[in-house]
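# Inside the fold
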Amino acid sequence: MQRIDHVLPWSHLGSERSLSVFRYGAGSRKVYIQASLHADELPGMRTAWELKLRLNELERQGRLQGVIELVPVANPIGLDQHLQGNHMGRFELGSGKNFNRAFVELSAPVAALVGERLGADAEANVALIRQAMAQVFEELPAPASQLEALHRLLLRHACDADITLDLHCDFDAAIHLYALPQHWPQWQSLAARLKAGVALLCEDSGGSSFDESCSTPWLRLAKAFPDAAIPAANLATTLELGSMGDTRVDQAQANCEAILGFLAEQGFISGEWPAAPSECCEGLPFEGTEYLFAPHHGVVSFLRNAGEWVEQGDALFEVVDPLQDRVTTVRAGTSGVLFAIDRGRYTEPGIWQAKVAGRVPFRTGKLTND
């Protein structure tokens, strides 16, 4: 195992932050795994610890058949943000920016570098594009902030991977995935191993999130150069490992073994591994996800649990205003998986309370919530 520590620039006087990458194995193929880019989403960090233990063991046994890079703490900036006892890990406090938005878009500068050299050899094209991605990062001007430097380091390590896992969680949620529709057949084994409740599929959710910044450049380059053989060479997903409190040892170990079993299936680990369960969740269009909001201020009482299938018209939660004696029941506008609910119990209009993944697309434009 090789440990790589990147010192982040622009630290405050008398302090220093670093990003640590743990590299296992050797070879031309690569897996990249990071945890807790939203720094208060800790199930991924706990799972990453289990992965470290197992990867150390597998490397000693000589069973790794490729490179696996692991970043257990992907956001040392957000890990340090606490306000009166509350961890504030989703947004950078100084700028208000979401840590998982606005990553560098690589397809346009890469196209300018390699367009005329792309041909019918897919393997040669992949090598050429990855070389150009590295060149793009080298030629970028110096980062203007610590957040920008962090973004570049993370994406630089992941952009040349064959498989990228970005480990997150939601407030109170079933395990679920976000991925490209083109990649869903390959992700079904991992979803089945994790007993995921649903996968949300789209090519561009509108936020330039980390996983899409790894995967969508390949789609855009293939569309820009239709005569060239350009595969979707970075299989990337945002993997939501349930709820924020899902850090129990048995949960982390189960997540770890599911990920390792999937990587073994993809040829990165040798030996015998349990087969993936035959049952798997649905892959549904992200455009079919409904966000439900409170119509007024009040106390929320949820009537259904995360992970349940709900039908259109089912009551999902009540909002109670005890001053005006007002009770409003909010119902599902679509049938689907109630895959996440908010952790807060006092709400206001404009704050989402529940997310239902449906089968029928109805949204366009920016699909992610900040």
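Residues numbered from 1 in each chain as written. Predicted model: local features only at pLDDT ≥ 70, side-chain atom pairs only at ≥ 80, totals over all residues. Heavy atoms only, no water.

If you check an unreviewed UniProt entry, the chain appears there as Succinylglutamate desuccinylase/aspartoacylase family protein from Pseudomonas triticicola. Comment text from UniProt for the chain, heading Cofactor (unreviewed entry), reads "Zn(2+)". (UniProt positions renumbered as here; feature names shortened; annotations may be inferred.)

## Points about the packing of aromatic side chains
Throughout the structure, instances matching the rule amount to six aromatic pairs. Ring centres 6.0 Å apart and planes at 45° place the aromatic pair Tyr-32 and Phe-210 in the tilted group. Within this pair, whereas Tyr-32 is found in strand S3 (residues 30-35), its partner Phe-210 is found in helix H6 (residues 210-224), the two being separated by 178 residues in sequence. Phe-210 sits in the buried class, given a relative accessible area of 0%. The lysine or arginine in question, Lys-355, covers the ring of Trp-352, its NZ or CZ lying 4.3 Å from the ring centre. Note that Arg-363 overlies the ring of Phe-286, its terminal NZ or CZ placed 5.5 Å from the centroid. (Phe/Tyr/Trp six-rings, centres within 6.5 Å; stacked < 30°, edge-to-face > 60°. Helix = DSSP H or I, 4+ residues; strand = E, 2+ residues; numbered from the N terminus. Buried < 20%, exposed > 50% of the residue type's maximum accessible area, 1.4 Å probe, protein only. Lys NZ or Arg CZ within 6 Å of the ring centre and 35° of its normal.)

## Overview of the nonpolar core
Among the nonpolar cores identified, the biggest contains 40 residues, and Ile-33, Ile-163, Trp-187, Leu-239, Ile-259, Leu-263 and Ile-269 are the most heavily contacted of them. Once residues lying within four places of it in the same chain are set aside, the contact partners of Ile-259 are Ile-33, Thr-47, Leu-51, Leu-165, Leu-167, Leu-190 and Leu-239. In terms of nonpolar packing, the next biggest core, distinct from the first, is built from 39 residues, Ala-111, Leu-150, Cys-159 and Ala-161 among them. (Core = buried A, V, L, I, M, F, W, Y, C linked by side-chain atoms within 4.5 Å. Contact = heavy atoms within 4.5 Å.)

## Regarding the packing of helix H5 (residues 184-194) against helix H7 (residues 249-265)
Their axes nearest at 9 Å, the elements H5 and H7 cross at an angle of 155°. Between H5 and H7, the angle is such that the two are roughly antiparallel. H5 and H7 meet at a crossing whose hand is right-handed. In contact with Gln-186, Trp-187, Ser-189, Leu-190, Arg-193 and Leu-194 of H5, H7 contributes Asn-255, Ala-258, Ile-259, Gly-261, Phe-262 and Glu-265. In terms of residue class, the contact of H5 with H7 is made up of six nonpolar, four polar and two charged. (Axes fitted to C-alpha atoms, helices over the stretch in contact; angles between N-to-C directions. Parallel < 35°, antiparallel > 145°, perpendicular 65-115°, else oblique. Left-handed = near helix turned anticlockwise from the far one by under 90°. Nonpolar A, V, L, I, M, F, W, Y, C, P; charged D, E, K, R; others polar.)

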